[in-house]
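Structural overview for review
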Amino acid sequence: MKNVLFAIFTLIVLTLFSNDSAFSQATRLPIGIVDVEAVVKEMPEAIAADKELTDLSNLYRDTIAEKRTAFETKLQNYQKQKGTMSASSVQAEEEKLLKEQQELNEYQQAKQDEINRLREKYLDSIRPKVKTAIETIAKREKLSLVLAKEAAVVIWSEDKLDITFDVIALMKKGG
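Below or above, wherever it landed, is the structure these notes cover. (Residues numbered from 1 in each chain as written. Predicted model: local features only at pLDDT ≥ 70, side-chain atom pairs only at ≥ 80, totals over all residues. Heavy atoms only, no water.)

**A look at the overall build of the protein**
To keep it simple, the criterion reads: Helix and strand definitions here come from DSSP, where helices need a minimum of 4 consecutive H or I residues and strands a minimum of 2 consecutive E residues; each element is numbered from the N-terminal end. Between buried and exposed lies partly exposed: a residue is buried under 20% and exposed over 50% of the maximum accessible area for its type, with that area taken using a 1.4 Å probe on protein chains only. The contact criterion used is simple: two residues touch if any of their non-hydrogen atoms lie within 4.5 Å. To measure how exposed things are, a 1.4 Å probe is used in the Shrake-Rupley method; for residues, cover is taken only from the protein chains shown.
For the protein, the helix and strand inventory stands at six helices and two strands. For the protein, the proportion of its 175 residues judged to be buried stands at 24%. A sequence separation of at least 24 residues applies to 79% of the contacts in the protein between residues at least 6 apart. Summing over all exposed atoms, the protein offers an accessible surface of approximately 12400 Å²; the carbon and sulfur share of this is 56%.

Structure follows, in structure tokens:
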């Protein structure tokens, strides 16, 4: 994908900056630039989703911290009592602690996976709206190509090529 983007970018740069005026005039493309991240940050559903994900992440972080603190307390108590325990008791307690540590790690991973799944679910509902808004502005402005600022392909652009605020305005209007 990056190779395709690089090839397109190279073609555009060569086209725009070619000294052969007949070639450059015949092949110039009307181009727009959009900061998709800025558009998404302005969407009410994205703001609500971000708040929900942040709240859920904080809840999980706090729960995991409590579980980890409880585990560490058990571990410290074991270490204090280890010298007075029989070999079989030491082995049983170490197996119990190891199992509890694995469960804690699995719980933490499961919660992170849940957050990631929710984030993707929200993004899946937002992406088509952003794409439609970008397409609407591109057609209205008669653009042949719209590049994402975030793609790290845009080295420089004129401000008049940036359609980000037009897309945000359209999204706020509900279009």
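**Thoughts on the packing of helix α5 (residues 87–140) against helix α6 (residues 164–172)**
Put simply, the rule is: Orientation is described by axes fitted as lines to C-alpha atoms, over the contacting stretch for helices, and by angles from 0 to 180 degrees between their N-to-C directions. Just so you know how the angles are binned, under 35 degrees is roughly parallel, over 145 roughly antiparallel, 65 to 115 roughly perpendicular, and the rest oblique. A clockwise turn of the near helix away from the far one marks a right-handed crossing, whereas an anticlockwise turn of less than a right angle marks a left-handed crossing. Only Asp, Glu, Lys and Arg are considered charged, only Ala, Val, Leu, Ile, Met, Phe, Trp, Tyr, Cys and Pro nonpolar, and every remaining residue, Gly among them, polar.
At a minimum axis separation of 9 Å, α5 and α6 run at an interaxial angle of 120°. In this view, α5 runs oblique relative to α6, as classed from their interaxial angle. In this structure, α5 crosses over α6, and the sense of that crossing is right-handed. Contact with α5, carried on its side by Lys129, Val130, Ala133, Ile134, Thr136, Ile137 and Arg140, involves Asp166, Val167, Leu170 and Met171 of α6 and no other residues of that element. Across the contact of α5 with α6, the residue classes break down as seven nonpolar, one polar and three charged.

**What to know about α6**
Selection criterion: Within this analysis, the arc is defined by the directions that extend from the helix axis to the C-beta atoms.
Among all positions in α6, only Thr164, Val167, Ile168, Leu170 and Met171 are buried. An end-on view of α6 places all buried positions within 165° of arc, on one side of the element. Seen from the open side of α6, the exposed residues pointing more than 90 degrees away from its buried face are Phe165 and Lys172.

**What about the nonpolar core?**
Taken as a class, soluble globular proteins show a tendency for nonpolar side chains to be buried jointly. Worth spelling out the cut-off: Take the buried Ala, Val, Leu, Ile, Met, Phe, Trp, Tyr and Cys residues and link them wherever side-chain atoms come within 4.5 Å; each set so joined is a nonpolar core.
In this structure, Val39, Val130, Val167 and Met171 are the most contacted members of the largest nonpolar core, which totals 14 residues. Those elements that provide at least two residues to this core are α5 and α6. Take this core: its biggest share by element is five residues, from α5. With sequence-adjacent residues up to four places away left out, Val39 is seen in contact with Val34, Val130, Thr164, Val167, Ile168 and Met171. Grouped together as the second largest cluster of nonpolar side chains are seven residues, Ala49, Leu53, Ile115 and Tyr122 included.

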